[in-house]
Amino acid sequence: AQELSGPELTQLRDVFREIDTDGSGTISTAELRRALEPHVAHRADSGGLEAGDRDAAQSLMEAADVSGDQQIDYREFIAATMQRQLYLREENVRKVFEHLDVDDSGDISVENLVALTGSKKKAEELIGEGDLDHSKTISYEEFKKLMHTAS
């Protein structure tokens, strides 16, 4: 399970309080739009949030508002943040896998690792660590398991 450190939680609490401008303990769609405003205000002649940006605020609300009350409470805010971090970690695992899959075959082979490491012996050792189904290659699912075990 993904856990946040004390400083990360403190930072998220501060961000939550900053967005919760009325101090109600929840974030409304309007507060979410206001929080997004400075991030899109740089758009030339946009006059602030455009229709698509308003939809983005609503989409964020719908994604984070587990209770369906059109408010994001602190628990929902933390959960959404943790899901985002998990997604980003997954995206990075995918990028590393694709980098190692030199021939774009969908699996990491000894040949792929020889191309990267220059050593057949080292490549075979690495394949041995991650090849759970004994196919002589490492699939993406095997690679993910290997990465999660290592972390």
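Everything below is about the structure printed above this text.
Below you will find a few notes about this structure. (Residues numbered from 1 in each chain as written. Predicted model: local features only at pLDDT ≥ 70, side-chain atom pairs only at ≥ 80, totals over all residues. Heavy atoms only, no water.)

Taken as a whole, the largest pocket holds about 560 Å³ of empty space. Along the wall of the largest pocket there are 20 residues; nearest its centre are Ile 19, Leu 32, Leu 36, Leu 60 and Phe 77. Elements with a contribution of two residues or more to the lining of the largest pocket: helix H1 (6-19), helix H2 (29-40), helix H3 (51-64) and helix H4 (74-100). In terms of residue count, H2 provides more of the lining of the largest pocket than any other element does, six residues in total. Grouping the constituent residues of the lining of the largest pocket by class yields twelve nonpolar, four polar and four charged. (1 Å grid on protein atoms, 1.4 Å probe; cavity = no way out; pocket = protein on both sides within 12 Å on 5 of 7 lines; lining within 4 Å. Points joined across faces, edges and corners; volume = space filled by probe spheres on them. Helix = DSSP H or I, 4+ residues; strand = E, 2+ residues; numbered from the N terminus. Nonpolar A, V, L, I, M, F, W, Y, C, P; charged D, E, K, R; others polar.)

For helix H6 (residues 120-130), the complete set of buried residues consists of Ala 123, Ile 127 and Gly 130. Down the axis of H6, the sector holding all buried residues measures 70°, keeping them to one side. Set apart from the buried face of H6 by more than 90 degrees, the exposed residues are Lys 121, Gly 128 and Glu 129. Looking at where H6 begins, the residue whose side-chain oxygen comes 3.5 Å from the main-chain nitrogen of Lys 121 is Ser 119. (Buried < 20%, exposed > 50% of the residue type's maximum accessible area, 1.4 Å probe, protein only. Arc of directions from axis to C-beta. Polar contact = N/O pair within 3.5 Å; in protein donor to acceptor, adjacent residues only side chain to side chain.)

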